[in-house]
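Geometric and topological summary
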Amino acid sequence: MLTLHEVHAGYGRTTILHGIGITVGAGEVVTIVGANGAGKTTTLRTIAGLVRPTAGRITFEGEDIGRLPPHEVVARGITLIPEGRQLFPFMTVRDNLRMGAYTPHARDRMARTMDEVLDLFPRVREKLEQHAGSLSGGEQQMVAIARGLMSRPKLLMFDEPSLGLAPIIVKQVFDVVERIVATGVTVLIVEQNVFRTLSIADRGYVLENGEIVMTDTGATLLRDDHVRRAYLGI
Amino acid sequence: METFVQLVINGLMLGGLFAIISVGLTLIFGIIRLVNFAHGELLMVGMYLTWLGTVKLGLHPYVLAPPLVLVLFVIGVLIQRFILQPLLDARDAHVQIFATVGLSTALINLALLVFGADLYATPASGVRESITLGPFRILIGQLVMFVCGIVVVAALHLFMERTYLGRAIRATAQHRAAAQLMGVDVKRIYIVTFGIGAACVGLAAALVAPIYPASPTVGTYFVLTAFVVVVLGGMGSLHGAFIGALLIGLVDSLSAFYIAPDLKEVVIFALFILILLFRPTGLFGLGRGSE
Ligand SMILES: Nc1ncnc2c1ncn2[C@@H]1O[C@H](COP(=O)(O)OP(=O)(O)O)[C@@H](O)[C@H]1O
Ligand SMILES: [Mg+2]
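As the structure is a prediction and not an experimental result, all values here were calculated from the model.

Bringing the overall build of chain A into the picture now. Per the secondary structure count, chain A includes eleven helices and ten strands. Taking 2.2 N^0.38 as the reference for a compact globule, 234 residues should give roughly 17 Å; the C-alpha atoms of chain A span a radius of gyration of 17 Å, in line with that estimate. The C-alpha extent of chain A, read off along each of the three principal axes, is 45 × 40 × 30 Å. Taking as baseline every contact in chain A between residues at least 6 positions apart, the subset at least 24 positions apart corresponds to 66%. In the form shown here, chain A has an accessible surface area of approximately 9,800 Å², with 50% of it arising from carbon and sulfur atoms.

Have a look at this one:
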């Protein structure tokens, strides 16, 4: 479904990704594991079109999307739920969700999607008229995920959905991610909680200093010595 | 007392005009993050166009308002698309600001070339007739400015709150990258925003031309005042610009009478400096996005 081939990308003159290759098949859950600063966020931002690859190819459903601006990438069915939530703080939760359904494809079905999504997030339903900026960190993360779902994505990318949240909220976030995975949507996820993520992932990639150093099934990576030492602290 | 009330009425009416000019400026500032130094010159262009339409076509300035709104919208769109947008990726964000300063100078010189330094008064029947309310008088032209000010601010507010495009504009102001991730074409949002800002000025031009003669530098007075309004109201805030415009209208009217007509601009700018010193976010400054 999604293929990155020899992708180089970075900021200004600094190259962060040195020719990475990643594939995500339809219906798969794939994770990228890596230390802080390895380039995970940059990878997702490059797929989303926020960072331009300097070399290499990105294809989605057979189409080259490597040079597309972000709004055209979303329109093709790839949605990124960004690191740090990035809600619209002075807009109500309802308007944040409406913004999630901005693409023409999603807009047509907004009312129905909104109902489906809110069934998944009963707590968000209670906060619809509040400003997103006034919510707690956990609530904001739920809104960010809900907003991502509003686009009815074919491929949903999560960037550190549990970052900076209290342990009990982290558990709720994972429950939600698992429920989304169960609906069959294709997922590419980056998450500091490597153990839990590898447990739900079909496959994983290990990214170090902007290069993919290892890839295997989630279960195999969980048993790998290097992964266990470097990322699971075992 | 009667004089005072009359001055307050005059001030509020003038505030309506300031509101129309200021909402355009504050939109462009709040969303594109651009201080548009050419805003006044767009007003000036609009005023000459009003004069032309009135004198050459024999139309009333108020009849010319809708086409002027359209023409200025298109001019705004073209400026953003072909002058400012190419500079968007420029290393230094200040390049765009210099571009608007350059545009301002170019337009002033163009006006000098075409019209010379003479004042062009736009004739308009009825505009200087007045309604009397007991001891008080309101000029038709003033009343129209005030009503238009309210209508413009209310319409923009509804547009921002109720439409997909309006929400996308607000989202872009609050978090540009996140708006892109939602599928918003930010460049297009900037183009529309600049167009709307310029369109407001088109309306203002049709309303002010019958009252104030056009000259190459006519924009400066109105837009410097609008800058004060925008800062007072909180940069980027629509209702802040509206309240700010009414307040500055009052200050303008009262200080011209009680202090001295020639000093009213001094008073307004003293106020400007005081706001910047003591409340730089303005009365309704929300801060900007969280970006
Ligand atoms: N906007 C940016 N401008 C310049 N450098 C950046 C920017 N964002 C991230 N970087 C750098 O890119 C590298 C990879 O960052 P990132 O992709 O965020 O890593 P990760 O998500 O794996 O922690 C880091 O060295 C970081 O300092
Ligand atoms: Mg990251």
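Next comes the rest of the description.
Sequence positions flagged by UniProt for "domain: ABC transporter" (unreviewed entry) are, in local numbering, residues 2–234 of chain A. Across residues 2–234 of chain A, the secondary structure splits into 39% helix and 27% strand, with the terminal C-alpha atoms separated by 32 Å.

Six octahedral donors around a metal ideally make angles of 90 or 180 degrees; four tetrahedral donors ideally make 109.5 degrees. Residue and element names in this part refer to chain A. Within the protein, the atoms that donate to the magnesium ion (ligand 2) are Thr41 (OG1) and Glu83 (OE), at distances of 2.0 to 2.4 Å. One end of the pair, Thr41, is in helix α1 (residues 40–48); the other, Glu83, is in the loop between β6 (78–81) and α3 (93–100), with 42 residues separating them in the sequence. Note on Thr41: relative accessible area 24%, which makes it partly exposed. Glu83 gets classed as partly exposed once you look at its relative accessible area, which sits at 30%.

On to the interface of chain B and chain A, then. Counting residues at the interface gives 21 residues for chain B, matched by 23 residues for chain A. When the two sides are added together, the surface that chain B and chain A hide from each other amounts to roughly 2,200 Å², 66% of it contributed by carbon and sulfur. The largest share of the area that chain B buries against chain A comes from Tyr164(B), Leu181(B) and Met182(B), three residues that together contribute 37% of it. Linking chain B with chain A are one salt bridge, by the criterion used here. Across the chain B-chain A interface, the total number found is three residue pairs in polar contact (both at pLDDT 80 or more). Elements with a contribution of two residues or more to the side of chain B that touches chain A: α6 (164–174) and α7 (176–182) of chain B. The element best represented in the side of chain B that touches chain A is α6(B), accounting for seven residues.

Each value, and the rule that gives it
Note on numbering: residues in each chain are counted from 1, in written sequence order. Both sets of labels track the order of writing: A upward for chains, 1 upward for ligands. With the structure being a predicted model, the display of local features is reserved for residues of pLDDT at least 70 and the display and counting of side-chain atom pairs for 80 or more, all residues being used for whole-chain, interface and lining totals. To obtain the side-chain values, all non-hydrogen atoms of the structure were included, while hydrogens and water were left out. A run of DSSP states H or I qualifies as a helix once it reaches four residues; a run of E qualifies as a strand once it reaches two. Both are numbered from the N-terminal end. Note on method: radius of gyration uses C-alpha positions; expected globular size equals 2.2 Å times residues raised to 0.38. Residues count as neighbours in contact if any of their non-hydrogen atoms are within 4.5 Å of one another. Here the accessible surface of atoms and residues is derived via Shrake-Rupley with a 1.4 Å probe, and residues count as covered only by protein chains that are part of the display. UniProt positions are given in the numbering used here, feature names are shortened, and annotations may be inferred rather than shown by experiment. As a rule, N, O and S atoms within 2.8 Å of a metal are its donors, except that Na, K and Ca use 3.2 Å; water is not among the atoms, so sites may look incomplete. Think of it in three bands: residues with accessible area under 20% of the maximum for their type are buried, residues over 50% are exposed, and the middle band is partly exposed, with areas taken using a 1.4 Å probe on protein chains only. Buried area: the sum, over both parts, of the accessible surface (1.4 Å probe) that disappears when the two are put together. A pairing counts as a salt bridge when a side-chain nitrogen of Lys or Arg comes within 4 Å of a carboxyl oxygen of Asp or Glu. Whenever a nitrogen or oxygen atom comes within 3.5 Å of another N or O atom, the pair is scored as a polar contact, on the condition that within protein one atom can donate a hydrogen and the other can accept it, and that pairs from neighbouring residues in sequence are kept only if both atoms are in side chains.

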